Amino acid sequence: MVAGAEGARSVAVLLVLLVPAAGNWLLQCSQCVDQAYYSDDTQKKNLRALHLPDVYKQIKGVKLHQYDHANDEFVNKFFSLTHLGALAADVKSVMPLAVGLVPDRRWIAANGTSQSTKNVNLVRQSYVLYAGLAGLQELMNRYERHEAEQTVREKYEDDTTLAIQKDCLTVLDEQEFTRDKREELLAQILRIAVAAEVLQRTVARGDRRFEELGTAAADISVDVRDLFMIQDEHNNTFTKVWDALETREPLADLVEKRKTAVAQVEAELVKTQSVSVQHDERRENLRVSGEEERKVHEHKDKLNRQRTEYEQKQRLQTERELMDLSEESALRQQADLKLHEVRVLKMRLAADHERTIAENKAALEQTKISAEAAIRDRRVNEDVYLRELIQQGEQESQARLAAIRETAEIIRSYVVDVFTHPERLALAIGSIIAVCAGVYVSREMAILLREQLNKRLGKPSLVRSTNRISLWGEFKLWLLSCCGRSKDPLDFFNDVILTPAMHTQVCRLALASRTAKLRKAPLMNVMFYGPPGTGKTMCAVRYAQASGLEYAIMSGGDVAPLEDQAVTELHKLFSWVHRSRRGVLLFIDEADAFLGARTGNMSEHLRNALTTMLYHTGTPSSQFMLVLATNRPGDLDTAVLDRIDESIEFGLPDLVEREKLVKMYYRNSLTQLLGIALKPEAKEKPRSPPVTREEDSAAGRAMTARGEVTPAVLDAVAKKISGFSGREIAKMFVAVQTHVYATAQMEGKAPGKKGKLELTVDMLMDVVDKKVKEHGKSVDMQQHGYIYRHEESARSVVAASGRPSMPDLVIN
């Protein structure tokens, strides 16, 4: 936002009038107009491109000051002497080519004397103007670069958002795929559990077989161990015998025994080897048979698993087919049942309709017969029914009287009981007081709750009046505009009487504000100033309606009593303004009450409120616009005046406007409310020039003689009330209305009915003369203060003549 701050400073330098202080006035003369304003290209040479950033830095370097004018002839009388400007020396330090030196400057003072100043610095206005234009171009270039960067950033954010959305869709697809896989995995786990159960049973059978094989192998190992033990004993015996034979000398007989023993040992060895071989063969047979049996069991287990899976698949497929068939059958049954129900319902409705028609016909016939029989019975037994009615009325009256007597007796007994027992009387009085107190407290709490809710949710406390409508109201206005029934913006000023120049200016500003709001451009701030009662508030309301904005009216005098709460209420006000969907025209009446110049006498609370207002209005906004109304524009703070884009002076109405106002208020106050119509003239006379006092008196005597109020009478009234404001004219006709009511009351007429009241020229002129006299006294009091004058002789003359006399007033 650096570009925004620099741009605001550059635009401020461009728009502020550079008036050098300390007597260095900005001069222009016919001899000083340079070629910058002409298109004569032949008088220009050395054309070269301008480096905009350098000029932008020069514009930023110009220092602005606040100063007071030393001479009154150079100041607008409606504003203070304080103004904003720049020193020529400061301008020369940053833009040397923009300042020149005037050897001798002369001018005529207010007293008619010739004044002169030597060596005055002269600021070249065209140079500063085009430098400001160059700074504005640089600002626009920076703004376009910022917009381009913002566009690239937004495109990157959009691409990132699309990528994130694509990733989210991918994650969703993966989650869907994972869910399908998880369901398949659950089905596989179910199949594995079934297969595991079958395998567990097969393993149990194999374990039992292996236990039997283990038992047989243990028996065989015991037999083999016994054989090995026997063989070891034989070997030991043979070794001993062999050793004994080696230690002795061989004998013949021992040799034979030795051979026999060796033969026996060899035979035992052969037998042992044969037993060992048989044992090995038996063990190998057992191993082979166990291996074959294990393979057989594994093959059977595999076959069982395959058969189980196949059976499970077949069962699932069969169940799925059965489920599909059952669903189709259920759907067909439901469709058939629904169709049957529809047919039955139609048949039932038809039967009910026919039965109802028959019953209605029968009831109608029965009613006719019963009515005819009752009529005949009434005619035949008229005296009997009359006696019954008389007896029934007497019984009802007696029952009513009895109920009244019982109620009165209950009330009497209750009253007697209450008054005979003081404690009950006190209880009754206390109950009544409690009920009254409860009703009063409930009403006050409801009022307090309503005020708090209105304070929290309604309009701000500073807003006195507003036309903000709801969303439904805006929809109706939009619908009317779409149907072509919308009101022309300039029609809102039909009932506002202004001078042609003021009417043109106000309509132009209203249309400009309407176009700016439609294009979302910043709105202007306007100031209405002039004497009181000249229609500033009414014109502001019509201005808001014509520009398509909502209006909110506040008074500057409401801010000071808030003291330290003023800043908070102003923040709430602008927060409420920014919530508007159509934009708001904020009208501040008596703006000088809290937007006056910051002096030493201003309180701290008003200074804070002024600072808050300046903070919210420092930057032009497309959401709201300010319309300030004041009778003292010179008392406003300079910062407030700097925020005003257009100023309109509402002066006192001229003769043409006074004639229109007199006729309008006559129509509103007398014709519409009292039925006193304006008498038309036989022939319309052209407007005459201003008449003298003698001619005016003659015209008044002629009108008095006729006694009818005509347009010529109203024109004469408009001439007599010169210097009256619109509000004073409205109050004058309210006084005429009151005079008519009082006259009708004194004459015994009913003042509340139209067509029975009269207004004569004498009555109208009496009120006008009194109002002219009051106006003259108020003007005199404003100029010279109040001075009491005793007028006893004048009142005596009035009493003697029977008609009030008015002193001659000369109203400029």
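Description of the structure in this document. Quick caveat: nothing in here was measured; it's all calculated off a predicted structure. Every chain's residues receive numbers from 1 upward, in the order its sequence appears when written. In keeping with the model being predicted, local features are shown solely for residues with a pLDDT of at least 70 and side-chain atom pairs are shown and tallied solely at 80 or more, while totals for entire chains, interfaces and linings include all residues. Hydrogens are left out, water is left out, and the side-chain values use all remaining heavy atoms of the structure.

**Structural notes on the packing of helix 11 (residues 566-578) against helix 12 (residues 604-616)**
Then, in step 1: Each axis is a line fitted through C-alpha atoms, and for a helix only the stretch in contact is used; angles between axes span 0 to 180 degrees, taken between their N-to-C directions. Every helix listed is a DSSP run of H or I at least four residues long, and every strand listed is a run of E at least two residues long, numbered separately from the N terminus. Interaxial distance between helix 11 and helix 12 falls to 9 Å at its minimum, and their mutual angle equals 20°. When the axes of helix 11 and helix 12 are compared, the pair comes out roughly parallel. In terms of crossing hand, the pair formed by helix 11 and helix 12 is right-handed. For the pair helix 11 and helix 12, contact is made by Ala566, Val567, Leu570, His571 and Phe574 and by Asn608, Ala609, Thr612, Met613 and His616, respectively. Roughly parallel means an angle under 35 degrees; roughly antiparallel means over 145; roughly perpendicular covers 65 to 115; every other angle is labelled oblique. Two helices crossing with the near one rotated counterclockwise from the far one by less than a right angle form a left-handed crossing, whereas a clockwise rotation gives a right-handed crossing. Contact definition: two residues touch when any of their heavy atoms are within 4.5 Å.

**Things to note about the sheet that holds strand 9 (residues 624-630)**
One key point about sheets: their strands pair by backbone hydrogen bonds, in either a parallel or an antiparallel sense.
Then, in step 1: The criterion for strand pairing is that DSSP finds at least two bridges linking the strands in question. Here we have six strands laid out as an open sheet, ordered 5-7-8-9-6-10, and mixed in their pairing. The strands lining the two open edges of the sheet, one partner per strand, are strand 5 (465-466) and strand 10 (646-649).
Then, in step 2: With six bridges joining them, strand 8 (residues 584-589) and strand 9 adopt parallel strand pairing. Of the residues in strand 9, the one forming a bridge with Phe587 is Val627.
Then, in step 3: Relative to strand 8, helix 10 (residues 536-546) is tilted by about 175°, and along the sheet it contacts strand 6 (526-529), strand 7 (550-555), strand 8 and strand 9.

**Looking at the packing of helix 9 (residues 500-518) against helix 10**
Then, in step 1: In contact at an axis separation of 8 Å, helix 9 and helix 10 are set at 40° when each is read in the N-to-C sense. Compared by their axis directions, helix 9 and helix 10 come out oblique. Crossing angle aside, the handedness with which helix 9 passes helix 10 is right-handed. Facing helix 9, whose interface residues are Val506, Leu509, Ala510, Ser513 and Arg514, helix 10 presents Cys539, Tyr543, Gln545 and Ala546.

**Here we look at the state of the cysteines**
Then, in step 1: Here, a disulfide means two cysteine sulfur atoms that sit within 2.5 Å of each other. One pass over the full model with this rule turns up zero disulfides.
Then, in step 2: Summary of cysteine pairing: Cys507 is not part of a disulfide, and the nearest cysteine sulfur, belonging to Cys539, is at 8.4 Å.
Then, in step 3: Type-normalised accessible area, obtained with a 1.4 Å probe on protein chains alone, sets the label of each residue: buried when under 20%, exposed when over 50%, and partly exposed for intermediate values. Judged by relative accessible area, which is 8%, Cys507 ranks as buried.

**Observations concerning a nonpolar patch on the surface**
Then, in step 1: A surface patch of nonpolar side chains, amounting to about 530 Å² of accessible area, comprises Leu129, Tyr130, Leu133, Leu136, Met140 and Tyr143.
Then, in step 2: Within the secondary structure layout, Met140 lies in helix 4 (residues 125-247).
Then, in step 3: According to the relative accessible area criterion, Met140 is partly exposed, its value standing at 41%. Residues form patches when they are more than 30% accessible in relative terms and have no salt bridge. Like charges link within 9 Å. Nonpolar side chains (Val, Leu, Ile, Met, Phe, Trp, Tyr) link within 5 Å. Per-residue and other accessible areas were derived by the Shrake-Rupley procedure at a 1.4 Å probe size, with only the shown protein chains allowed to occlude residues. In the sections that follow, a salt bridge refers to a side-chain nitrogen of Lys or Arg positioned within 4 Å of a carboxyl oxygen of Asp or Glu.

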